[in-house]
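Letter by letter, the chains look like this.
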Amino acid sequence: MRRGPGFHLPTLAVAALSLLLLLFGLGSYGLLEDNEARFFEISWEMAQSGDWLTPRLNFIDHFHKPPGTFWLVGGSLKLLGTSEWAGRLPVALAALWTVGLTWYWAAQEGGRGQACRAVLVLVTSLEFWFLSRLVLTDMFLTAAVTSALYCAWRSRNHPEGKFWLGFWLSLAAGFMVKGPIGLVIVLPVLALFHLSMQGKLSWNLRPRLGLPLFLALALPWYVIVCLQHEGLLDYFLRFQTTQRMLTTVHGRPGAWWFYLPVLAAGFFPWSTGLPLTLAAAWKRRNELDRFLLLWLIVPVLFFSCAGSKLPTYLLPIFPALALLTARQEPRRLRALGTTALFTLALFTLALSVYLVIGVAPELQPAYHHLSALAALLGMSCLAALAFRSRTGALVWFAWPACSWAAGLLLLASSLGLCDGAYSARRLAQTIQRECPVGEIVEVADHLHGLPYYLGRRLVQVSYPRETWFQNPEDYQDFLYPDLSAYFASRRADPSTLIVVRRSDYGTYANPAWTHQEIGHWILLRPWPQATPDLSRAASP
């Protein structure tokens, strides 16, 4: 372990850059549909109702995930007020915890210079940066997995320390945010590393104390809700765990190579240097490199074999990727900087061509920001080319990181311009203006953030919901199989608005109904009214 004495300017600069990247503009854009909006909505309903045991989506029980994420986000909303910023802050703090732990781990093993490089790589990796700004479970799981593996690594040589306690607390935290998936990542990594060392190490994790602690923290919520709802245990074990891993029943299939392009895009701009990084780690064959390689390989193989695949599942391996990338000698650091700059140059060229050919309507509001991004990265690549002979290996490695960090800040400032296409916020603003108290009916789709933005429950039509764990009287007035059933149960109310996707308009709408297009959605009035024709106020 190497430590530099006293004041270290690069560390302060990297810390400031990390804070800026992870916190800048958190509340400047609406909740992205559908995953972020869904997790935020459940957290908001939990905070509003005061029922911290039962997750609900549009006020119907929703047991897809354990409540850890909802507790953290809902607690933030309760403490700081209901806003996108308050909801995203716990996720950003989990990302900062992961970044800090990555820095500390790298500093202990290779000094503060290596720690700064690891953090630069981590916070500028596209997927890590983007998911640090969304209300999802994945960043909380990543923080828990990183903490558990760090504590296990440190426990080997510090039997007198409290690393065993941190290990079991981290496993319990991971279990409460995403169920057993944290165990599936951590325990095989430790077992395979133990086998690779031919059993010549002691983890000092004190399972006789730690396992009861883990069970005491991780199981009570599951026990309580399973006792309250008949069949919920089978639902957790069979549908949400076994079938998710072994079948495609959740509708997220993918080929065995699904995660290769995900890794290439998610670890941008460092992914083109991964072959060099992995080859160097394999060649060194020291204990930490072996541990980090297993941390990388085990989740990739596991999720590649699983029946349900999502790009976000790979997020827990990003600290390992950053640590491996930073552990290079100066000659290879220069090569990694070159590959990252080359990647940015290709991206700049592709973005410039895209801007010339024509930007998609959804991204048109951010055209000037995207143009500025292309100009910024282009000038940075040209400057690097001009000064390449006078730039040392460490500065050369940091150059693409700092350039791309500036680009990410530009992207962060542009997200709010485009959220009309990806968020329910602007649609809700129009509804509040046109129908402040009327009934809102969604047909064949559900905008998960709409109940939060409107502050009320929505009626859902032709949209399947899991209602097995709730009494019918709790939802029968808000859930209908089709529009005919809805109209049969309702008196004509001129203030009612129906929300459909533009692509579903021909299937569900009556041509006599007045309508207003807002992004991908259309507002319909199914009954005659004295209010002005909405179609005259149509907005893009």
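Cut-off values and rules
Residues numbered from 1 in each chain as written. Predicted model: local features only at pLDDT ≥ 70, side-chain atom pairs only at ≥ 80, totals over all residues. Heavy atoms only, no water. Helix = DSSP H or I, 4+ residues; strand = E, 2+ residues; numbered from the N terminus. Rg over C-alpha atoms; globule rule 2.2 N^0.38 Å. Contact = heavy atoms within 4.5 Å. Areas by Shrake-Rupley, 256 points an atom, 1.4 Å probe, with all protein chains shown as cover. Lys, Arg positive; Asp, Glu negative; His and termini not counted. Charge placed at Lys NZ, Arg CZ, Asp CG, Glu CD. Buried < 20%, exposed > 50% of the residue type's maximum accessible area, 1.4 Å probe, protein only. Pairing = 2+ DSSP bridges. 1 Å grid on protein atoms, 1.4 Å probe; cavity = no way out; pocket = protein on both sides within 12 Å on 5 of 7 lines; lining within 4 Å. Points joined across faces, edges and corners; volume = space filled by probe spheres on them. Nonpolar A, V, L, I, M, F, W, Y, C, P; charged D, E, K, R; others polar. Core = buried A, V, L, I, M, F, W, Y, C linked by side-chain atoms within 4.5 Å. Phe/Tyr/Trp six-rings, centres within 6.5 Å; stacked < 30°, edge-to-face > 60°. Lys NZ or Arg CZ within 6 Å of the ring centre and 35° of its normal. pLDDT = per-residue confidence, 0-100. Patch = residues over 30% accessible without salt bridge, like charges linked within 9 Å, V, L, I, M, F, W, Y side chains within 5 Å. Salt bridge = Lys/Arg side-chain N within 4 Å of Asp/Glu carboxyl O.

Caption draft 1: Here's a closer look at the overall build of the chain. Helix and strand counts for the chain stand at 23 helices and eight strands. Whereas a compact globule of 540 residues would reach a radius of gyration of roughly 24 Å, the chain reaches 25 Å, a difference of no more than 12%. Projected onto its principal axes, the C-alpha coordinates of the chain cover approximately 75 × 60 × 40 Å. The long-range share in the chain, meaning contacts at least 24 apart out of those at least 6 apart in sequence, stands at 72%. For the chain, the exposed surface amounts to about 23400 Å²; the carbon and sulfur share of it is 66%. Looking at charge distribution, the chain has the averaged site of its 43 positive side-chain charges lying 16 Å from that of its 32 negative ones.

Caption draft 2: Broad picture of the environment of aspartate 34. You can see aspartate 34 is positioned in the loop between helix H1 (9–23) and helix H2 (35–49). Take aspartate 34: its relative accessible area is 36%, and that puts it in the partly exposed class. Sequence separation between aspartate 34 and serine 423 is 389 residues, and the spatial gap between their C-alpha atoms is 8.2 Å.

Caption draft 3: Representation of the pairing of strand E7 (residues 514–518) in the model. Across the two faces of E7 the burial differs, with Thr514, Gln516 and Ile518 buried and His515 and Glu517 not buried at all. The sheet contact formed by E7 and strand E8 (residues 521–525) spans five bridges and is antiparallel. Paired with glutamate 517 across the two strands is isoleucine 522, which belongs to E8. Linking two consecutive strands that pair antiparallel, namely E7 and E8, is a turn of two residues; a positive phi of about 60° is found at glycine 519 within it.

Caption draft 4: Quick peek at the layout of surface pockets. By volume, the second largest pocket is sized at about 540 Å³. In this structure, the second largest pocket is lined by 28 residues; those nearest its centre are Lys178, Gly179, Pro180, Gln240 and Thr241. Elements supplying a minimum of two residues to the lining of the second largest pocket: helix H7 (138–155), helix H8 (163–178), helix H9 (181–196), helix H11 (220–228), helix H12 (232–246) and helix H15 (287–305). With seven residues, H12 is the largest single contributor of residues to the lining of the second largest pocket. Counted by class, the lining of the second largest pocket contains 20 nonpolar, four polar and four charged residues.

Caption draft 5: Representation of the nonpolar core in the model. If you look at the biggest cluster of nonpolar residues, it comprises 150 residues, and the most contacted ones within it are Phe167 and Ile431. Residues contacting phenylalanine 167, with those up to four places away along its chain left out, are Ala148, Cys151, Ala152, Val186, Leu187, Leu190 and Leu205. Val441, Tyr480, Val500 and Ile522 belong to the second largest nonpolar core, which has 14 residues in total.

Caption draft 6: Layout of the packing of aromatic side chains. Counted under the stated rule, the structure contains 41 aromatic pairs. Taking the centre distance of 5.1 Å and the plane angle of 45° together, the rings of tryptophan 153 and phenylalanine 291 count as tilted. Of this pair, tryptophan 153 sits in helix H7 while phenylalanine 291 sits in helix H15, and the two are 138 residues apart along the sequence. The pair formed by tryptophan 153 and phenylalanine 291 is uniform in burial state, with each residue classed as buried. Here phenylalanine 268 and tryptophan 404 contribute two aromatic rings whose centre-to-centre distance is 5.0 Å and whose plane-to-plane angle is 80°, an arrangement assigned as edge-to-face. A residue pair is termed long-range when its members are at least 10 positions apart, and phenylalanine 268 in the loop between helix H13 (259–266) and helix H14 (274–284) and tryptophan 404 in helix H19 (residues 393–422) qualify at 136 residues. Judged on exposure class, the residue phenylalanine 268 and its partner tryptophan 404 are both buried. Following the ring pairs from residue to residue traces out a cluster consisting of Phe63, Phe167, Trp168, Phe175, Phe214, Trp221, Tyr222, Tyr235, Phe236, Phe239, Trp468 and Phe469. Taking NZ or CZ as reference, arginine 334 lies 4.9 Å from the ring centre of tryptophan 396, over its face.

Caption draft 7: Inspection of the confidence of the model for the chain at higher detail. Looking at the chain as a whole, its pLDDT mean stands at 91, while 96% of the residues score no less than 70. In this model, residues 530–540 is a region of pLDDT below 50 whose contacts with residues beyond four sequence positions or in other chains number 16 contacts.

Caption draft 8: Inspection of a nonpolar patch on the surface at higher detail. On the surface, a cluster of nonpolar side chains totalling about 450 Å² of accessible area is made up of Leu211, Leu215, Leu219, Val223 and Leu227. When residues of the nonpolar patch are traced back to their parent elements, those giving at least two are helix H10 (207–218) and H11. Relative to the helices and strands, valine 223 is located in helix H11.

Caption draft 9: Region of the structure containing the environment of leucine 190. Mapped onto the elements of the fold, leucine 190 is located in helix H9. The spatial distance from the C-alpha of leucine 190 to the C-alpha of arginine 156 is 11 Å, given a sequence separation of 34 residues. Setting aside residues no more than four positions away along its own chain, leucine 190 makes contact with Leu149, Ala152, Phe167, Trp203, Leu205 and Phe291.

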